[in-house]
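Secondary and tertiary structure notes
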Amino acid sequence: MKHEDSGVVFDIQHYSLHDGPGVRSTIFFKGCPLSCRWCSNPESQSRYPQLMFYKNLCIGCGACAAACPSQAIVLSGDGVHMRRDLCQACGRCVSVCLQNARTLSGRVMTVEEVCDEVRQHWRIFMQSGGGVTCGGGEALAQPGFLLSVLTRLHGELGFHTCLDTSGCAPWDVLREMLPQLDLILLDIKHMESSRHKEATGLGNEPILRNARELGRIGFPVLIRLPLIPGFNDTLENVRALGSFLAETGLRKVEIMPYHEFGLTKYGALEREYSRPSSTTPETERAVAVLRGCDLEVLVHGRRDDEEKPMQQSECAEYKQ
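Within any chain, residue numbers begin from 1 and follow the written order of that chain's sequence. Local features are withheld for residues below a pLDDT of 70 in this predicted model, meaning they are given only at 70 or higher, and side-chain atom pairs are given and counted only at 80 or more; totals for whole chains, interfaces and linings count all residues. The side-chain numbers reported here are obtained from all heavy atoms of the structure, hydrogens and water having been left aside.

1. Comments concerning the nonpolar core
Put simply, the rule is: The set of buried Ala, Val, Leu, Ile, Met, Phe, Trp, Tyr and Cys residues whose side-chain atoms join them within 4.5 Å is what this entry labels a nonpolar core. Relative accessibility under 20% of the residue-type maximum defines a buried residue, over 50% an exposed one, and the middle range a partly exposed one, all with a 1.4 Å probe and only protein chains included. Contacts: residue pairs with any heavy atoms within 4.5 Å of one another.
Residues Ile 27, Ile 184 and Ile 188 are the most contacted members of the largest nonpolar core, which totals 68 residues. Contacts of Ile 184, omitting those with residues within four sequence positions, involve Leu 163, Thr 165, Leu 174, Leu 178, Leu 214, Phe 219, Pro 220, Val 221 and Leu 222.

2. Digging into helix 8 (residues 205-217)
Defined as follows: Helix and strand labels come from DSSP, where a helix needs a run of H or I of at least four residues and a strand needs a run of E of at least two; each type is numbered from the N terminus. The span one expects for a helix is its residue count, reduced by one, times 1.5 Å.
Over its 13 residues, helix 8 runs 19 Å from end to end, which matches the ideal 18 Å to within 8%, given 1.5 Å per residue. Within the sequence span of helix 8, burial applies to Pro 206, Ile 207, Leu 208, Asn 210, Ala 211, Leu 214 and Gly 215. For helix 8, the elements touching its buried residues are helix 6 (171-177), strand 10 (183-187), helix 7 (193-200), strand 11 (221-227) and helix 9 (235-248).

3. Looking at the pattern of salt bridges
The condition is simple: Every case where a carboxyl oxygen of Asp or Glu lies within 4 Å of a side-chain nitrogen of Lys or Arg is listed as a salt bridge.
Applying the stated criterion across every chain yields a total of 17 salt bridges. Salt-bridge contacts for Arg 152 lead to Glu 156; the nearest nitrogen and oxygen are separated by 2.9 Å. Remark: Glu 156 and Arg 152 occur in helix 5 (residues 143-156); sequence separation between them is 4 residues, near one turn of the helix. Exposure remark for Arg 152: the relative accessible area of 16% places this residue in the buried category.

In C-alpha cells:
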C-alpha cells in the first residue's frame, strides 16, 4: 500500500477516556463507507469538508452573507438561510462569525501536523498507560494516510496505538495496519446482513470476515456493540453475536448504550435524524446473554462496581 502524506481530519480530541486504555488522543478521520441511521457523528460520513450551521446561535448580523464568495447565504425576513448546493466549504463565513454559529468540519492535515499535535501529550500517555486512537468516520477509508500516521506514531515514536473501526474494509487493507497497532475496537452492529444493510447502507460480510481473521490470528480486539433499541437489541441478534464471538475466539465485548449526543449536528447539517421508536435498549438482557456465552462483557461508561446485578432466574432465561 502506498503511504500518503496528508488526509482529511474533522477533529482531534485529547484526554479521551473511552477510546482505549488510559488517557488518549483520538484522531477522527473524515469519510465512512457506512451511513448508519443513528450515527452520532454525521459530519464524519462525507470525505469532504462540510459547513455546519447552528441556527440557534445566529444573530442575523449578515457578516457571513457579505463574506460568502459563492452567494450561498441568503438573508430574509425570517432569518439566515443556506444554499448548500452553492456552498464551496471555503470557510470564509466561519472566519467572520463572532457567535460561532458556523464551523467547518474537516480539514486537510499532513502526517506531521497530526503527529506534532498529539505528541505534545506524550507525558499523559506514559503516566496513564494511554496513547493514540484513530477513529472516524472510518479511518480505513483513508488507508494510505492512516498507515503513514500509524507508522509515525507507533513505529517511530513508540506510542500505544488503537484503531476504532466499523471493520467495513477489505481484509488486505486491515491486515497491513496490524504491525503498527496494539489494539482494535471493532463495531458489529447486526448479525443479519439484510438488517445491517437496511440501517447502514451496506451488508456485514466484510465486517464478519475481518472479525474471523482477527480471531484466527489472535490479535487483541475489543468488540463493540452499539445497542440500538428495536434494531439490534433483540434476543435473537444478541444470541447470534454471542455464538459468533465464542466460535471465533473474540472474548471481550463492550456494549455501547444508545444515546442522542449527536442530535444537534443533524440540524447543523440540515439533515433529519432517524430516531428509534424507543430510546431504551435492552442493555441488561444483552449483558446476560453475552456473559452466558462465556464472554467478558463491559458496558460503556459504567464502572465495574456499577454493574446492575440480575436475578439468577433472569440469566437462566436469557441463556436458553
